[in-house]
Amino acid sequence: MVGVKVLEYSVKRHTDLPVEVTPLIDVKLPEPRDPRQRQRTGFSFARFAIPRLANYRGRALYTDADMLVFKDIRELWSVDFEGAKVVVQEELPGQHAKHRKAFAPGKRVKQCSVMLIDCEAAKWDPEAIVRGLDDSYSYEDLMQNLCILREDEVSYRVPFRWNSLEYYDDTTCLIHYTDMPTQPWVSADNPNGYLWSNEVRRMLGDGALTLAELEQEKALGFLRPSFLTELKMVDDSAKLTKEQTRALVAEDKVAHFVKHAALTEARERRKQEIKEYEKQVRSGQVSSGPTFPRPGLLDRLRARLAR
């Protein structure tokens, strides 16, 4: 929750709009029978419940929690739908699509991690959407291509500056710490991590966050032990030096800190479930869903969801 709180604080600090943030932590949805299509995090499918949570009225803005805002959210909130049901990210500028990180995909792609939703138009039934993963489309089709919508129902108009993937300059409105191994709360080795640390310092300064809360996150394994050391190491006008970064990384190693331990355990369980499932498919014990949508099936699904 500390990531949610920091994001919320950064949004409200830069706007005079009334902002209500709803963490999607208690949205109970079924899982697909096929483990290959199950959600990658505890909230992957929760975004499809947003229109219902809003009573199918008004507009809503979905974001991941691993973000930080630097400009007035009014610009993003005011983007015109122009008849679409959702607005997602534009094509990435070429210089931001490629990188050389060993632990991340070789090419970044546009994401639905920042998504404006017309809740009245997107009358989604999230349970039906999840069921579709067993016989109509894949996880990637749903999460990356929004295959439950027609192409004219999706507008690609969220500019890169409002979902800046691991990049920051004076034009950045929202930075997305999308590379999980170097997110600032689990790693001291992120060149833009100081921005997140600075926001935490501001929150501590005005009482929006307490050291006790950070200690609790640390005890739960969600916050690296070295983060509390970092807060004392530099002020909010300086980046970490290479020597300081090495010292903080060493502290986490000595403490046997495991980044995203709960998520890593869940991923390993899913791998085993997939292995067993595919074994059952090969033996004929279960039938596997199609690897691509059958002709006409998506159109029928869209019509059903629209009703």
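Residues numbered from 1 in each chain as written. Predicted model: local features only at pLDDT ≥ 70, side-chain atom pairs only at ≥ 80, totals over all residues. Heavy atoms only, no water.

Visitor: It is not clear to me how the environment of Cys-173 should be interpreted in this structure. Could you clarify?
Guide: On the secondary structure map, Cys-173 appears in the loop between strand 6 (164–165) and strand 7 (174–176). Each C-alpha atom, one on Cys-173 and one on Lys-71, is 5.0 Å from the other, the two residues being 102 residues apart in sequence. Not counting residues up to four positions away in its chain, the partners in contact with Cys-173 are Leu-68, Val-69, Phe-70, Lys-71, Glu-75, Arg-161 and Trp-162. (Helix = DSSP H or I, 4+ residues; strand = E, 2+ residues; numbered from the N terminus. Contact = heavy atoms within 4.5 Å.)

Visitor: So what exactly am I meant to see when it comes to the sheet that holds strand 1 (residues 59–63) here?
Guide: Strand pairing within a sheet occurs via backbone hydrogen bonds; the two strands may be parallel or antiparallel. The four strands lie next to each other as 1-4-3-5, forming an open sheet whose pairing is mixed. In this open sheet, the two edge strands, each paired with only one partner strand, are strand 1 and strand 5 (154–158). In this sheet, adjacent strand axes meet at a mean angle of 25° when their direction is disregarded. Both strand 3 (residues 86–89) and strand 4 (residues 114–118) contribute to a ladder of two bridges, which runs antiparallel. Bridging from a neighbouring strand, Val-86 pairs with Ile-117 of strand 4. (Pairing = 2+ DSSP bridges. Axes fitted to C-alpha atoms, helices over the stretch in contact; angles between N-to-C directions.)

Visitor: I would appreciate a short explanation of helix 1 (residues 2–13) in the present structure.
Guide: Since there are 3.6 residues in each turn of an α-helix, residues three or four apart along the chain are aligned in direction. Across its twelve residues, helix 1 extends 16 Å between first and last C-alpha, which sits within 8% of the 16 Å expected from 1.5 Å per residue. Tucked inside the fold, the buried residues of helix 1 contact strand 1, strand 2 (67–69), helix 7 (193–206) and helix 8 (211–220). (Expected span 1.5 Å × (residues − 1).)

Visitor: Can you walk me through the confidence of the model for the chain in this structure?
Guide: Detail in the predicted coordinates should be disregarded across regions flagged by low pLDDT. On average, the chain scores 87 in pLDDT, and the residues at 70 or more come to 86%. Mean pLDDT across the secondary structure elements of the chain bottoms out at helix 4 (residues 94–97), with 50, and peaks at strand 2, with 98. Contacts of residues 103–108 to residues separated by more than four positions or lying in other chains number 19 contacts, the stretch itself having pLDDT below 50. (pLDDT = per-residue confidence, 0-100.)

Visitor: What is the right way to look at the packing of aromatic side chains in this model?
Guide: The geometry of two aromatic rings is summed up by the distance between their centres and the angle between their planes. Enumeration according to the criterion identifies seven aromatic pairs in this entry. Ring centres 6.0 Å apart and planes at 55° place the aromatic pair Phe-45 and Tyr-139 in the tilted group. Taken together, the residues span a long stretch of sequence, with Phe-45 in the loop between helix 1 and helix 2 (50–53) and Tyr-139 in helix 6 (residues 139–143) at a distance of 94 residues. Accessibility assignment for this pair places Phe-45 and Tyr-139 in one class, buried. Aromatic side chains Tyr-177 and Trp-185 sit 6.1 Å apart centroid to centroid with 90° between the ring planes, which places their arrangement in the edge-to-face category. Trp-185 shares its class with Tyr-177; the two are buried. One aromatic cluster is present, formed by Tyr-177, Trp-185, Trp-196 and Phe-227 through successive ring pairs. (Phe/Tyr/Trp six-rings, centres within 6.5 Å; stacked < 30°, edge-to-face > 60°. Buried < 20%, exposed > 50% of the residue type's maximum accessible area, 1.4 Å probe, protein only.)

Visitor: What's the story with unusual backbone geometry in this structure? I'm lost.
Guide: Glycine aside, residues mostly have negative phi angles, and peptide bonds mostly take the trans form. Unusually for a residue other than glycine, Asn-55 sits at a positive phi of about 55°. Following the sequence through the fold, Asn-55 ends up in the loop between helix 2 and strand 1. Even without being glycine, Tyr-56 reaches a positive phi, approximately 55°. As for its position among the elements, Tyr-56 is in the loop between helix 2 and strand 1.

Visitor: Would you explain the pattern of salt bridges in this entry?
Guide: Two side chains that carry opposite charge are able to pair once their charged atoms sit near each other. Scanning the model with the defined rule gives 20 salt bridges in all. Note that Arg-13 is salt-bridged to Glu-199, the shortest N-O span being 3.0 Å. Here Arg-13 is found in helix 1, whereas its partner Glu-199 is found in helix 7, with 186 residues between them in sequence. Judged by its relative accessible area of 2%, Glu-199 is buried. Note that Arg-150 and Asp-152 form a salt bridge whose closest N and O atoms lie 3.0 Å from each other. Residue class for Arg-150 comes out partly exposed when judged on its relative accessible area of 43%. (Salt bridge = Lys/Arg side-chain N within 4 Å of Asp/Glu carboxyl O.)

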